Amino acid sequence: MTHERWNKECSEPQWYYSLDQVVTDLLTQNGDVPLLAVAELGSSKRSVMWAPELLVNWRESQSEIDIAAIIDGKVVVGEAKSNSKLKTAKKSTDKAVSRFVGTARLLQADHIVLATTENSWAEVAVTAVEVAVKKFWTSGPLPTVSQLTNLRPRKQTPSKPDVSDV
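Note that the structure is a prediction, hence the values are computed from the model and not measured.

Cut-offs applied
- As a convention, each chain's residues are numbered from 1 in the sequence order in which they are written.
- Only residues with pLDDT of 70 or above have their local features reported here, since the model is predicted, and side-chain atom pairs are shown and tallied only from 80 upward, although totals for entire chains, interfaces and linings are computed over all residues.
- Hydrogens and water are ignored here; the side-chain numbers use all heavy atoms of the structure.
- The set of buried Ala, Val, Leu, Ile, Met, Phe, Trp, Tyr and Cys residues whose side-chain atoms join them within 4.5 Å is what this entry labels a nonpolar core.
- Between buried and exposed lies partly exposed: a residue is buried under 20% and exposed over 50% of the maximum accessible area for its type, with that area taken using a 1.4 Å probe on protein chains only.
- Under the scheme used here, helices are H or I runs from DSSP no shorter than 4 residues and strands are E runs no shorter than 2 residues, and both carry numbers assigned from the N terminus.
- The contact criterion used throughout is that any non-hydrogen atoms of two residues lie within 4.5 Å.
- Here a salt bridge means any side-chain nitrogen of Lys or Arg lying within 4 Å of a carboxyl oxygen belonging to Asp or Glu.

Here we come to the nonpolar core. Counting 21 residues, the largest nonpolar core has Leu 86, Val 101, Ile 112 and Val 129 as its most contacted members. Top contributing element to this core by residue count: helix α4 (residues 123-136), with six residues. Once you skip the residues sitting within four places of it in the chain, Ile 112 turns out to touch Val 77, Phe 100, Ala 104, Val 129, Val 133, Trp 137, Pro 143, Thr 144, Val 145 and Ser 146.

All right, on to the pattern of salt bridges then. For the structure on display, the rule yields one salt bridge. The residue Glu 79 makes a salt bridge to Lys 81 at a minimum N-O spacing of 3.6 Å. A relative accessible area of 11% means that Glu 79 is categorised as buried. For Lys 81, a relative accessible area of 16% puts it in the buried group.

What follows is the structure, given as structure tokens:
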């Protein structure tokens, strides 16, 4: 574009920026929470394979898993929320936990993680998951259950380039 094509009173045209709609949707629908959780879980690990939200079809029902990963050879399944509860408008805590733990068992999870941006999980949610694991896990070792809380993007400090070898 040449200077003659825009308002001659300014030295260059006005620039406008916006996030791609996919990124905007990810952020407005709390899609960053599973990403932050996997980043935290894998921060000191050697190997991380992660899949975004999975829909698991099993016995004529469908279950959603927010976190599905293999970290250092261990299967990690998790729920990621921007609140501290597992219940929703459509599902009670017990129903949500039953479906979630049943899917974790189907995937033979080694580790179950509850991730949230809140300061803590509701005690009823954590207890329900722990009880369901003991109740429904009929074979193999029980998975560990852990919580990730206060998930927030890390502030990046700009690093100075290493120019010693130049």
